[in-house]
Amino acid sequence: MKRLHNPGADAIKTKGWLRANKWLLARRFTQLSILLLFLLGPWFGIWLIKGNLNSSLILNVLPLTDPFVLLQSLISGHIPEATAITGAIIVLVFYMLVGGRVYCSWVCPVNMITDAAHWLRERLGISGASRLSRNTRYWLLGAVLVLALSTGSIAWETVNPVSMVHRGLIFGMGLAWVVIVAVFMFDFLVSRRGWCSHLCPVGAFYSALGTHSLVRVRADARDQCDDCMDCFIVCPEQQVIRPALKGADKGIGPVITSANCTNCGRCIDVCAKDVFHFGNRFNNQSYNNPVHEHTHERNKEHTNHSTGAEVL
Amino acid sequence: MNTPSPEKKRSAPNSASRRRFLVDTARTAGSIVLFSLGVGLYSRQSASTPAQALRPPGALDEDKFLGACVRCGLCVRDCPFDTLDLAKLGDPVTTGTPYFIARDVPCEMCDDIPCVKACPTGALDHSLENIDDARMGLAVLIDEENCLNFQGLRCDVCYRVCPAIDKAITLELESNMRSGKHAVFIPTVHSDHCTGCGKCERACVLEEAAIKILPIQLAKGELGHHYRWGWKEKDKAGSSLVTPDVQHRYNLPQGQRYDYDGKGLIFDENNGSSSETPFDSNPLNTLKRGMEQDQ
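Residues numbered from 1 in each chain as written. Chains lettered and ligands numbered in written order. Predicted model: local features only at pLDDT ≥ 70, side-chain atom pairs only at ≥ 80, totals over all residues. Heavy atoms only, no water.

As a further point, take helix 9 (residues 161-171) of chain A. All names here are of chain A. Burial analysis of helix 9 places 10 of its 11 residues in the buried class, which makes it a mostly covered element. When we look at burial in helix 9, the residues that qualify are Pro161, Val162, Ser163, Met164, Val165, His166, Arg167, Gly168, Ile170 and Phe171. A side-chain oxygen of the first residue of helix 9 lies 2.9 Å from the backbone nitrogen of Val162; this N-cap is Asn160. Once helix 9 finishes, Gly172 follows within two positions and takes phi at roughly 110°, a positive value. (Buried < 20%, exposed > 50% of the residue type's maximum accessible area, 1.4 Å probe, protein only. Helix = DSSP H or I, 4+ residues; strand = E, 2+ residues; numbered from the N terminus. Polar contact = N/O pair within 3.5 Å; in protein donor to acceptor, adjacent residues only side chain to side chain.)

Structure representation (structure tokens):
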């Protein structure tokens, strides 16, 4: 049924190809740039950043540490040095502000693998929703933490596809390509959006981080929605859109507040009616007013936001 | 399900959805338990590192190390000699952790220990400030049958390359039983100075090194905790703890005496008789000699 129409086709017609893919392009650019920054060292000897996503050092000064891996280390019984703690706090604050799952859609190298698998799945018309519960990832998150406690080691890191892929690209693959193939095949043939949206405990951790994040996607122009369903089709976390988009009658505000939203901005791209835009989480009242007030509000937010995008 | 009667009074769809919820929860919980068992067992399995894989200087004990190391590879990056490697998936070392193989590239023992400084978590212990205090492993001359020095040849390579020459490895002289007239120079490792850098194993001229760095717990024995060395206890106490010391008396020929402070047997040059041999031409006199003094 999803083959009936091509999501985003209307948006391309009304907004042009570039605007209808703006956030997707920005996201791919960011993902590849971060990867390239890490690869500049081993490939060209330019050491702007050393290490990998688990812990790194920028320009030999600024430490960054994945708070999830450090939390597991803490639970396993190790008290880390100040460097790692500082690095983790920096990362923690950043994602608490911009949205935890910005890590998933803008940084994580596995996102490109699962997006490719999803694209192929849609292209070949493999239908059917995932039978997994979206809450499975939180169970897995709990299991990962319990494992750290019971084994006294960071057991999750022996199988974690996220760090394995990233480390593989920078330090040498070994058999890590098997993991890439496995994740790809899982999302391609077994479960729609299976890994990133249902299972990954890393994503679940970052979801929890971003529960109160400032940067959110807003559907301020939701009365413009013509029910084309394009945003639902492209969204990796479809359940997050409905309350904000269709909740006006129930008094739900236009901000997508779910922590599972990855702030990928694909819904903004594919909407021909410009219903969505990046904004903050405040002013989340439900309006029942005429259209022009929304548009006014929206334009204001939009300028705010585009300066934000350049920073990103 | 054996639910009590008040539950049964509920309407059918409600209990059906409740049942469904329970089944779904049980299914998820079951899968998570399976997942945890799998990952837990695999991580336990992969923690059995082969003896040749050595951790960088200052690494915590292996079981603590696997909880402390975040697999970032910063130590590998700051190693100026490409000694360290980050274990890839499929390597026999826990994925993402740093190690080196002494026979391939040994540790050069940098004075400033950059790998330890680079570690953000302290999996490489920052309290290690002098590289000579590092204990990455312990050299063991494992194959005496093929070691050239054991055969009486003067290879000495392991001894010569040792950064703590004459402390971590010494050459101990023994007589060569094969030729009957030469010495053998036995390379002997001393654990109070050996850092386990691996230069000796790297340099060993054999096809397969006769001297190897082993993890300390593999290389060293441990004395029974109740056991005491008698002579050390005697030194501590100032005298023998069990039986009173009686100095052994040698029954020596005339003109000879024994020095108990280490000089051993002494021939007195200028004794009265000054004959070529201390023995009298009458063997009976020699036998009687001690007895005359006692009487």
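Right, let's talk about the environment of B:Thr28 for a bit. Inspection of the secondary structure assignment puts B:Thr28 in helix 2 (residues 12-46). If we ignore the near neighbours within four places in the chain, the residues touching B:Thr28 are A:Thr136 and A:Trp139. (Contact = heavy atoms within 4.5 Å.)

Bringing the pairing of strand 7 (residues 211-214) of chain B into the picture now. Residue and element names in this part refer to chain B. Judged by which residues are buried, strand 7 turns out to be covered on both faces: Ile211 and Ile213 on one side and Lys212 and Leu214 on the other are all buried. Here strand 4 (residues 138-141) runs beside strand 7; their pairing, made up of four bridges, is antiparallel. Across the sheet, Leu138 pairs through a bridge with Leu214, a residue of strand 7. (Pairing = 2+ DSSP bridges.)

Right, let's talk about the confidence of the model for chain A for a bit. Of all residues in chain A, 90% attain a pLDDT of 70 or more, and the chain-wide mean is 86. Counting interchain partners and residues more than four positions distant, the pLDDT-below-50 stretch residues 289-312 of chain A has 23 contacts. (pLDDT = per-residue confidence, 0-100.)

Quick look at the nonpolar core now. With 104 residues, the main nonpolar core has A:Tyr95, A:Tyr103, A:Ile241 and A:Phe276 as its most contacted residues. With residues up to four places along the chain from it excluded, the contact list for A:Ile241 reads A:Cys231, A:Phe232, A:Cys235, A:Ile256 and A:Phe276. (Core = buried A, V, L, I, M, F, W, Y, C linked by side-chain atoms within 4.5 Å.)

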